[in-house]
Amino acid sequence: MDGNGRWATRRFLPRTAGHVRGVQAVRKVVESCGRRGVEFLTLFAFSSENWRRPKDEVSLLMKLFMQTLEKEVDQLVEQGVRLRVVGDLAAFEPRLQGLIHSAQEKTAHNTRLNLTIAANYGGRWDILNAMRSVLRTQPELLRDPEKLDETVLAPHLSMAFAPEPDLFIRTGGEQRISNFLVWQLAYTELYFTPDYWPDFGDSQLEAAFEWYRGRERRFGRTSDQLTPASN
Ligand code: FPP
């Protein structure tokens, strides 16, 4: 969700105003995904690198996160949205951790849309964390490292409950992954748009889906192998 700061600066507003509008865009996109039958939506809200931002901006982001969790949870329940938060949550203040825990519990029975917020998340952290978890739970692998393969590691990743993403969308014009779901994006279609996140809504989502429909996903095969007759 990139471009909040630039959206605000262009309007001679403080960067934080962009984040406030960013929350409105989150609401629109969650609704739109629910209506369209998207089953998994994962939003990168705060990277492990974002702590380096000015103190005021970080504390506004934390405040917004808490307010949104408090205000929106009933709406999420009504919409059938199951909320999960992934990332190194221990770094957050206890009140925020409590709100995350209770929002996850309140929405745990929902099945329509799986909404995941990545907060204090980094793709490399996720892989290292998974490796640590493998070593803790299966120390015998140290004697037989050849047995360590993708199927052993993947269940220990923080998004193990979800399929790998079909489509990645980055707003704000940058064309990089910036340590998002590094492992999980291996076969994902990557879509970059210059739109700033606060301007992203239903029609921008439709444009991304339209682009995705035109992609041919080969997973290492040739085009010919993908036609039904040759499968
Ligand atoms: C990137 O834009 C955006 C962020 C670091 C924060 C994203 C947060 C929100 C949309 C609000 C909180 C989210 C939830 C789920 C409650 P930027 O500030 O890097 O923009 P810039 O590149 O234009 O400076």
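The structure reproduced in this document is the subject of the present report. In this text the structure is predicted, and so the values were computed from the model without any measurement.

## A closer look at the sheet that holds strand 2 (residues 81-86)
Next, step 1: Strand order across the open sheet formed by 3 strands is 1-3-2, with parallel pairing between neighbours. Taken across any chain shown, the strands that pair with only one partner, and hence form the sheet edges, are strand 1 (40-47) and strand 2. Averaged over neighbouring strand pairs, the angle between their axes works out to 20 degrees when direction is ignored.
Next, step 2: Looking at chain direction, strand 2 and strand 3 (residues 113-121) are connected through 6 bridges and run parallel. Counterpart to R84 in the pairing with strand 3 is T116.

## Some remarks on the pairing of strand 4 (residues 167-170)
Consecutive residues of a regular strand have side chains that alternate between opposite faces of the sheet.
Next, step 1: Of the two faces of strand 4, only one is covered, namely that formed by F168 and R170; the face formed by L167 and I169 stays uncovered.
Next, step 2: Strand direction decides the pairing type here: strand 4 and strand 5 (residues 189-192), joined by 4 bridges, are parallel. In the strand pairing of strand 5, R170 is matched with F192.

## Some thoughts on the side chain of N110
Next, step 1: As for its placement among the helices and strands, N110 is situated in the loop between helix 4 (94-106) and strand 3.
Next, step 2: Since its relative accessible area comes to 8%, N110 is described here as buried.
Next, step 3: At 3.2 Å, the side chain of N110 and the side chain of H109 are in polar contact.
Next, step 4: With residues up to four places along the chain from it excluded, the contact list for N110 reads L76, V77, G80, V81 and R82.

## A short note on the site of the ligand
Next, step 1: Of all residues adjacent to the ligand, which total 18 residues, the nearest are M1, D2, R6, R15 and R53.
Next, step 2: In the model, an oxygen atom of the ligand is placed 3.0 Å from a nitrogen or oxygen of the G5 main chain.
Next, step 3: One of the side-chain N or O atoms of R15 is found 2.9 Å from an oxygen atom in the ligand.
Next, step 4: Bound to the protein, the ligand loses 91% of the 630 Å² it would expose on its own.
Next, step 5: For the shell around the ligand, the secondary-structure elements that each account for two or more residues are helix 1 (4-10), helix 2 (15-36) and helix 3 (55-79).
Next, step 6: Take the shell around the ligand: its biggest share by element is 4 residues, from helix 2.
Next, step 7: For the shell around the ligand, the class distribution of residues is 7 nonpolar, 7 polar and 4 charged.

Thresholds applied
Residues numbered from 1 in each chain as written. Predicted model: local features only at pLDDT ≥ 70, side-chain atom pairs only at ≥ 80, totals over all residues. Heavy atoms only, no water. Pairing = 2+ DSSP bridges. Helix = DSSP H or I, 4+ residues; strand = E, 2+ residues; numbered from the N terminus. Axes fitted to C-alpha atoms, helices over the stretch in contact; angles between N-to-C directions. Buried < 20%, exposed > 50% of the residue type's maximum accessible area, 1.4 Å probe, protein only. Polar contact = N/O pair within 3.5 Å; in protein donor to acceptor, adjacent residues only side chain to side chain. Contact = heavy atoms within 4.5 Å. Near = heavy atom within 4 Å. Areas by Shrake-Rupley, 256 points an atom, 1.4 Å probe, with all protein chains shown as cover. Nonpolar A, V, L, I, M, F, W, Y, C, P; charged D, E, K, R; others polar.

Don't take any of this as a statement about function, it's just geometry.
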